[in-house]
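Observations on the model geometry
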Amino acid sequence: MKLLKAALAGCAMMLTASSAYAAEDTIKVGILHSLSGTMAISETTLKDAMLMLIDEQNKKGGLLGKKLEAVVVDPASDWPLFAEKTRQLLSQDKVAAIFGCWTSVSRKSVLPVVEELNGLLFYPVQFEGEESSRNVFYTGAAPNQQAIPAVDYLMATEKVKRWVLAGTDYVYPRTTNKILEAYLKSKGVKDEDIMINYTPFGQSDWQTIVSNIKKFGSAGKKTAVVSTINGDANVPFYKELAAQGIKAEDIPVVAFSVGEEELAGVDTKPLVGDLAAWNYFESVKSPANTAFIAKWHAFTKNPKRVTNDPMEAAYIGFNMWVKAVEKAKSTDVDKVIAALPGIEVPNLTGGTSKMLPNHYITKPVYIGEVQADGQFDVVWKTPALVPGDSWSDYLPGSKDLEADWVTLKCGNYNTKTKTCLGLKAMH
């Protein structure tokens with residue numbers, strides 16, 4: 001009996017040792033996206049995209065001779081839960097990097113934890129800028145890579161004179177609209193020609209708001225809606241526009257948070273001609289994009305699954321991380337952070353994106369028009385890649401700030417006072 005117990009104990013020890021060895025033999029990668037709640041409509045796709053990228057990397061032999069292991073958590077569209085899950089990923093799961101967040105409020109919730117525990121976050125969604133952290137790499141668009149070019153396009157092409165800034169009530173729409181309002185005023189647009197409206201997450205009743213937009217647009221001046229409405233509230237918003245007979249030729253809507261994935265749940269026929277501004281569309285023709293779409297369909301076993309801009313930003317971020325780990329010959333966070341600026345990887349539209357010293361990247365900007373099949377026809381693009389600007393030139397408190405983690409080692413260096421304001425000022 002004693003012999004049997006000893007043998008069993010020995011087996012248990014061997015099992016423990018081998019599972020510990022197995023854990024050390026992988027590089028863990030955190031995936032932090034809402035798989036339930038109001039943001040699941042947008043974020044589930046990013047989780048799937050990350051699993052595909054990790055799978056693909058493993059098929060190439062992994063990284064530094066080790067397999068990558070995805071650690072998927074669901075913060076459930078609950079902003080404080082994002083911080084909790086981040087702490088778990090960094091402290092317990094010991095992930096080498098986290099790919100995640102969609103809304104800015106979730107990123108702001110995660111930021112202090114990532115900084116405190118010296119983690120590494122890749123953030124793949126367009127946002128308001130006005131932030132630069134040593135521990136975060138922003139691969140989505142800053143306002144100068146999406147919002148400002150979209151407004152320029154509407155002014156030049158559609159001769160828009162009145163502006164409805166409609167957003168979900170949280171930090172990204174509010175800050176973006178503050179920047180846009182300042183920008184519009186710098187272009188001579190008067191106060192009475194700007195209407196601003198915010199609604200809660202998951203807003204379902206749009207009747208009054210759309211009726212107000214209609215009224216605002218009937219003043220004899222060309223009117224457009226600039227939409228920073230996020231998540232599943234977009235479905236009833238577009239349905240109400242159609243119900244009230246608002247057509248794209250009368251009052252065009254340009255959206256910053258509606259891509260192919262969000263349109264998959266909507267009857268797009270009434271929306272034909274409405275616009276979205278992104279840095280990638282599935283319809284862009286390039287060998288890299290064709291290959292990516294084919295891999296996506298094979299991985300998801302669903303030829304109808306669409307691709308979208310945040311997926312491309314996740315793809316760029318992941319490939320930049322892989323390249324930086326290879327360059328640093330280590331997953332050590334400090335070494336990888338030092339290796340990232342200057343790294344270039346192909347994007348999906350035929351160009352190359354570069355990580356800048358401010359931890360933002362270079363991107364092309366596209367304006368796409370909604371088609372009946374839920375895809376976008378590109379009607380305009382920037383002639384060259386646009387470098388992401390971490391601090392807006394149009395906000396009084398921001399225009400003197402510069403982020404540079406390579407030379408200045410600072411995320412908010414004041415060029416007038418020649419001082420680094422430090423981390424506290426950024427939260």
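Presented here is a report on the structure given in the accompanying data block. (Residues numbered from 1 in each chain as written. Predicted model: local features only at pLDDT ≥ 70, side-chain atom pairs only at ≥ 80, totals over all residues. Heavy atoms only, no water.)

**A closer look at the overall build of the protein chain**
To keep it simple, the criterion reads: A run of H or I in DSSP becomes a helix once it reaches four residues, and a run of E becomes a strand once it reaches two; helices and strands are each numbered from the N terminus. Computation of the radius of gyration draws on C-alpha atoms alone. For the globule rule, the value is 2.2 Å times the number of residues to the power 0.38. Using a 1.4 Å probe on the protein chains alone, a residue whose accessible area is under 20% of its type maximum counts as buried, one over 50% counts as exposed, and one in between counts as partly exposed. The contact criterion used throughout is that any non-hydrogen atoms of two residues lie within 4.5 Å. Reported accessibility uses the Shrake-Rupley method at a 1.4 Å probe radius. Residues are deemed covered only where the shown protein chains occlude them. Within this scheme the basic residues Lys and Arg register as positive and the acidic residues Asp and Glu register as negative, but His and the chain ends are omitted. Here the site of a charge means NZ on Lys, CZ on Arg, CG on Asp, or CD on Glu.
The number of helices and strands found in the protein chain is 12 helices and 19 strands. For 427 residues, the compact-globule estimate of 2.2 N^0.38 gives 22 Å, and the C-alpha radius of gyration of the protein chain, at 23 Å, lies within 12% of that figure. Projected onto its principal axes, the C-alpha positions of the protein chain cover 90 × 55 × 40 Å. A burial count over the protein chain gives 56% of its 427 residues as buried. Partitioning the intrachain contacts of the protein chain with sequence separation of at least 6 by distance along the chain shows that 67% fall at a separation of at least 24. Roughly 17,400 Å² of accessible area belongs to the protein chain as shown, and the carbon and sulfur atoms make up 56% of that amount. Taking the average place of the 46 positive charges on the side chains of the protein chain and the average place of its 48 negative ones, the gap between the two points comes to 3 Å.

**With respect to the packing of helix 2 (residues 40-59) against helix 11 (residues 309-328)**
The following threshold applies: Helix axes are fitted to C-alpha atoms over the stretch in contact, other axes to C-alpha atoms as well, and angles between N-to-C directions run from 0 to 180 degrees. Crossing handedness is defined as follows: a turn of the near helix away from the far one that is anticlockwise and smaller than a right angle gives a left-handed crossing, while the clockwise case is right-handed. Three classes are used, and their members are as follows: Ala, Val, Leu, Ile, Met, Phe, Trp, Tyr, Cys and Pro are nonpolar, Asp, Glu, Lys and Arg are charged, and the others, Gly among them, are polar.
Helix 11 packs onto helix 2 with a crossing angle of 35° between their chain directions and a minimal axis gap of 10 Å. Considering only the axes of helix 2 and helix 11, their crossing is right-handed. Contact with helix 2, carried on its side by T45, L46, A49, M50, L53, I54 and Q57, involves P310, M311, A314, Y315, F318, V322 and E326 of helix 11 and no other residues of that element. Among the residues making up the contact of helix 2 with helix 11, the classes are represented as 11 nonpolar, two polar and one charged.

**What to know about the state of the cysteines**
What makes a disulfide is a covalent bond joining the sulfur atoms belonging to two cysteines. Operational definition: When two cysteine sulfur atoms lie within 2.5 Å, the pair is treated as a disulfide.
Under the criterion given, the structure shown has one disulfide. Each sulfur of the disulfide joining C410 and C420 lies 2.1 Å from the other. As the torsion about the S-S bond is roughly 90°, the C410-C420 disulfide counts as right-handed. Pair noted here: C410 is in strand 18 (residues 410-414) and C420 is in strand 19 (residues 419-420), with a separation of 10 residues, a long-range link.

**Comments concerning the packing of aromatic side chains**
The following threshold applies: Note on aromatic pairs: the rings of Phe, Tyr and Trp (six-membered ring only in Trp) are paired at centre separations within 6.5 Å, and the planes decide the class, stacked below 30 degrees, edge-to-face beyond 60, tilted for the rest.
On inspection of all chains with the given rule, the structure shows 19 aromatic pairs. Here W79 and F201 contribute two aromatic rings whose centre-to-centre distance is 5.3 Å and whose plane-to-plane angle is 50°, an arrangement assigned as tilted. Of this pair, W79 sits in helix 3 (residues 79-92) while F201 sits in the loop between strand 7 (194-199) and helix 7 (207-216), placing them 122 residues apart in sequence. A relative accessible area of 17% places W79 in the buried class. Plain terms: the ring middles of F99 and F122 are 4.9 Å apart, the flat faces sit at 15° to each other, and that makes the pair stacked.

**Remarks on helix 11**
The periodicity of an α-helix, 3.6 residues per turn, causes residues three or four places apart in sequence to face the same way. Heads up, the rule is: Every helix has an expected span of 1.5 Å times one less than the residues it contains.
Between its terminal C-alpha atoms helix 11 stretches 28 Å, which fits the 28 Å expected from 20 residues at 1.5 Å a residue. Along helix 11, 16 of the 20 residues are buried, which leaves the element largely enclosed by surrounding structure. Taken from the residues just after helix 11, K329 is the one with a positive phi, measuring 55°.

**Some details on the sheet that holds strand 4 (residues 121-123)**
Strand pairing within a sheet occurs via backbone hydrogen bonds; the two strands may be parallel or antiparallel. Threshold: One requirement defines pairing of two strands: DSSP has to find at least two bridges between them.
Strand order in the open sheet made by the five strands is 2-1-3-4-5, with parallel pairing throughout. Strand pairing shows two members of the sheet lacking a second neighbour, strand 2 (67-73) and strand 5 (136-138), which therefore form its edges. Geometrically, the sheet is characterised by an average inter-axis angle of 25° between neighbouring strands, direction not taken into account. Bridge count between strand 4 and strand 5: three bridges; the pairing is parallel. The partner of F122 across the bridge, within strand 5, is F137. Across the sheet, helix 2 lies against strand 1 (26-32), strand 2 and strand 3 (97-100), angled at about 165° from strand 2, the strand it touches most. The strands that helix 11 touches are strand 1, strand 2, strand 3 and strand 4; relative to strand 3, the one it contacts most, it runs at about 170°.

**Points about the pattern of salt bridges**
Counted only if it meets this: Definition used for salt bridges: Asp or Glu carboxyl oxygen within 4 Å of a side-chain nitrogen of Lys or Arg.
Applying the stated criterion to the full structure yields 16 salt bridges. Close ionic contact of D48 with R305 constitutes a salt bridge, the shortest N to O distance being 2.8 Å. Here the residue D48 occupies a position in helix 2, and R305 occupies one in the loop between helix 10 (287-300) and helix 11, the gap between them amounting to 257 residues. D48 gets classed as buried once you look at its relative accessible area, which sits at 13%. Between K416 and D400 there is a salt bridge, and its shortest N-O distance comes to 3.4 Å. Residue K416 is found in the loop between strand 18 and strand 19, and its partner D400 is found in the loop between strand 16 (386-387) and strand 17 (401-404); the two are separated by 16 residues along the sequence. The exposure class assigned to K416 is exposed, which follows from its relative accessible area of 62%. You can call D400 partly exposed: its relative accessible area is 23%. Counted as one network, the salt bridges with shared partners bring together R107, K108, E128 and E131.

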